[in-house]
Amino acid sequence: GFVHFTVVGNYEKADEYYLKNIELAPSDSFWARHFVALDYFQRANKPREALDILLGTLAEEHDAHQGRFLYEIHLRLALLYRYFGDYDMAVEHANLAIEHGTDKNDTHIQIAHAILALTAGRNGDFATAENEIAIAENLSGSSAFNCTLAEAYFEGGRYSKAIEVA
């Protein structure tokens, strides 16, 4: 299935395989939706399609194993909503990613905090932006989020502070 097609680099065939799964079992296609949306988002430059597919994932019932991965779905939704300029939904899903994350040190959780920082900066709330970056850095054990903080300042119109931080 999917793994074989991705190993040999045939992502279109993998997507075709999983889209058929979604068509045949729309209410039981968590992993199919997850993998197709991931490919559409990261490789195929189909963000609208990725968003639509992921939203279907939230309508499904989830077993315990799938539920452990909901934070990844919410993070991707947060990234997509941010891409489309729907910052309220980006914040909502970033918070849900943090809430559902089982390992708070997971990179996905760090990215969710970065999304919250970027949105706070965009809204001129630089104290919250700095706090969210501090949380992400604490979780990661590094100061790798300076550029994200600089972007938050930039989005909020504090250009000299953005240059200073970057």
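On a predicted model such as this, the values are computed, not experimentally measured, just so you know. Just so you know, the residues in each chain are numbered from 1, in the order the chain's sequence is written. With pLDDT at 70 or above as the cut-off, local features in this predicted model cover only qualifying residues; side-chain atom pairs require 80 or more to be listed or tallied, and sums for whole chains, interfaces and linings still use all residues. Note that the side-chain values use all heavy atoms of the structure and ignore hydrogens as well as water.

## Quick look at the packing of helix H8 (residues 107–122) against helix H9 (residues 126–140)
Angles shown run from 0 to 180 degrees and are taken between the N-to-C directions of axes, each axis being a line fitted to C-alpha atoms and, for helices, limited to the stretch in contact. Note on conventions: DSSP H or I runs of at least 4 residues are helices, E runs of at least 2 residues are strands, and numbering of each starts at the N terminus. It is the contact of H8 with H9, at a shortest axis distance of 7 Å, that shows an interaxial angle of 165°. Taken as axis vectors, H8 and H9 run roughly antiparallel relative to one another. Pair H8 / H9 crosses with left-handed handedness. For the pair H8 and H9, the contacting residues are Ile109, Gln110, His113, Leu116, Ala117, Ala120 and Gly121 in the first and Phe126, Thr128, Ala129, Glu132, Ile133, Ile135, Ala136, Leu139 and Ser140 in the second. Each residue receives one of three labels: charged for Asp, Glu, Lys and Arg, nonpolar for Ala, Val, Leu, Ile, Met, Phe, Trp, Tyr, Cys and Pro, and polar for the others, Gly being one of them. Residue classes in the contact of H8 with H9 are distributed as ten nonpolar, five polar and one charged. Angle categories are assigned with fixed cut-offs, so that under 35 degrees is roughly parallel, over 145 is roughly antiparallel, 65 to 115 is roughly perpendicular, and the rest are oblique. By definition, turning the near helix anticlockwise from the far helix through less than a right angle yields a left-handed crossing, and turning it clockwise yields a right-handed one. Contact between two residues is taken to exist if any of their heavy atoms lie within 4.5 Å; hydrogens are not considered.

## Brief notes about the side chain of Glu132
Relative to the helices and strands, Glu132 is located in helix H9. In this structure Glu132 touches His113, Leu116 and Ala117, once residues within four positions along its chain are discounted.

## Structural notes on helix H6 (residues 70–83)
Helix span, as expected, comes to 1.5 Å for every residue beyond the first. Over its 14 residues, H6 runs 20 Å from end to end, which matches the ideal 20 Å to within 8%, given 1.5 Å per residue. Classification of residues uses two cut-offs on accessible area relative to the type maximum, computed with a 1.4 Å probe and protein chains only: under 20% is buried, over 50% is exposed, and between them is partly exposed. The buried fraction of H6 is high, at twelve of 14 residues. Within H6, the full set of buried residues consists of Leu70, Tyr71, Glu72, Ile73, His74, Leu75, Arg76, Leu77, Ala78, Leu80, Tyr81 and Arg82. Its buried side turned inward, H6 meets helix H3 (30–42), helix H4 (47–59), helix H5 (64–67), helix H7 (87–100), H8 and helix H10 (146–155). Downstream of H6 by one or two residues, Gly85 has phi in the positive range, about 80°.

## Let's talk about the packing of aromatic side chains
Stacked, edge-to-face and tilted labels apply to pairs of Phe, Tyr and Trp rings (six-membered ring for Trp) whose centres lie within 6.5 Å, assigned for plane angles under 30 degrees, over 60, and everything in between, in that order. Going through the model one piece at a time under the given rule, you end up with eight aromatic pairs. Here Tyr18 and Phe35 contribute two aromatic rings whose centre-to-centre distance is 5.7 Å and whose plane-to-plane angle is 40°, an arrangement assigned as tilted. Taken as a pair, Tyr18 in helix H2 (residues 11–24) and Phe35 in helix H3 lie far apart in primary sequence, 17 residues in all. With a relative accessible area of 13%, Tyr18 lands in the buried category. Judged by centre distance (5.2 Å) and plane angle (70°), the rings of Trp31 and Phe69 are edge-to-face. Of the two residues, Trp31 sits in helix H3 while Phe69 sits in the loop between H5 and H6, which places them 38 residues apart along the sequence. Note on Trp31: relative accessible area 26%, which makes it partly exposed. Through a chain of ring-to-ring contacts, three or more aromatic side chains come together here, namely Tyr17, Tyr18, Phe30, Trp31, Phe35 and Phe69. Think of it as a cone above the ring: NZ of Lys or CZ of Arg counts as a charge over the ring if it is within 6 Å of the ring centre and within 35 degrees of the ring normal. Over the ring of Tyr40 we find Lys46, and its NZ or CZ is 4.6 Å from the ring centre. Above the face of the Phe84 ring, Arg48 is positioned so that its terminal group lies 4.1 Å from the ring centre.

## Topic: the packing of H6 against H7
The N-to-C vectors of H6 and H7 enclose an angle of 160°; their axes lie 7 Å apart at closest approach. Between H6 and H7, the angle is such that the two are roughly antiparallel. The chirality of how H6 crosses H7 is left-handed. From H6, Leu70, Tyr71, His74, Leu75, Leu77, Ala78, Tyr81 and Arg82 reach across to H7, where they touch Tyr87, Met89, Ala90, His93, Ala94, Leu96, Ala97 and His100.

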